[in-house]
Amino acid sequence: KKILEKIDQNQSGKIDFNEFLVAMYTGEIVPLKYLIDAFNHYDADHDGYLEKSELITLLEGCDREEIEYLLDELDENGDAKVSKEEFLTYMRNF
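These numbers come from a predicted model, not from an experiment.

A. Structural view of helix α5 (residues 64-74). Taken as a whole, α5 has its buried residues at I67, L70, L71 and L74. For α5, the angular spread of buried residues about the axis comes to 100°, placing them on one side. Along α5, exposed side chains directed more than 90 degrees from the buried face belong to E65 and D72.

B. Inspection of the pattern of salt bridges at higher detail. Applying the stated criterion to the full structure yields one salt bridge. Between K52 and E68 there is a salt bridge, with the nearest N and O atoms lying 2.2 Å from each other. With a gap of 16 residues between them, K52 in helix α4 (residues 52-58) and E68 in helix α5 connect regions that are remote in the sequence.

C. Layout of the environment of F87. Relative to the helices and strands, F87 resides in helix α6 (residues 84-93). Along the chain, F87 and I36 lie 51 residues apart, while their C-alpha atoms are 8.9 Å from each other. Those residues in contact with F87 that lie beyond four places of it in its chain are L35, F39, L50 and V82.

D. Just the environment of G13, in detail. Tracing the backbone shows G13 in the loop between α1 (2-7) and α2 (17-25). A C-alpha to C-alpha distance of 9.7 Å links G13 and E60, two positions 47 residues apart in sequence.

E. Seen up close, unusual backbone geometry. Positive phi values are uncommon outside glycine, yet H46 reaches one of about 55°. Relative to the helices and strands, H46 is located in the loop between α3 (32-42) and β1 (49-50). The phi angle at A80 is positive, at roughly 65°, despite the residue not being glycine. Structurally, A80 can be placed in the loop between α5 and β2 (82-83).

F. Spotlight on the nonpolar core. F20, L50, L55, L59, V82 and F87 are the most contacted members of the largest nonpolar core, which totals 21 residues. Elements with a minimum of two residues in this core: α2, α3, α4, α5 and α6. If sequence neighbours within four positions are ignored, V82 has contacts with F39, G48, Y49, L50, L55, L71, L74, D75 and F87.

Procedures and definitions
Residues numbered from 1 in each chain as written. Predicted model: local features only at pLDDT ≥ 70, side-chain atom pairs only at ≥ 80, totals over all residues. Heavy atoms only, no water. Buried < 20%, exposed > 50% of the residue type's maximum accessible area, 1.4 Å probe, protein only. Helix = DSSP H or I, 4+ residues; strand = E, 2+ residues; numbered from the N terminus. Arc of directions from axis to C-beta. Salt bridge = Lys/Arg side-chain N within 4 Å of Asp/Glu carboxyl O. Contact = heavy atoms within 4.5 Å. Core = buried A, V, L, I, M, F, W, Y, C linked by side-chain atoms within 4.5 Å.

Structure, rendered in structure tokens:
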């Protein structure tokens, strides 16, 4: 919740694509626990992956192209979903 409050500049309760990019480009360090908590929160079916539908929920307000771009960036092995490891690697190295 703290991450959402920090990133959600327009206080919509959702992180839009621009807010996500701003958060990543600012270089602000987010504790690993918060990243894991964020991943687990949006992993609605608790299978250890973020599928496109879960990314759509996470990034409500983003268009299809933006979500596809982000999925391509996060999905290192090309299985069309983002594992917790892929998510954490991306977030730590961004």
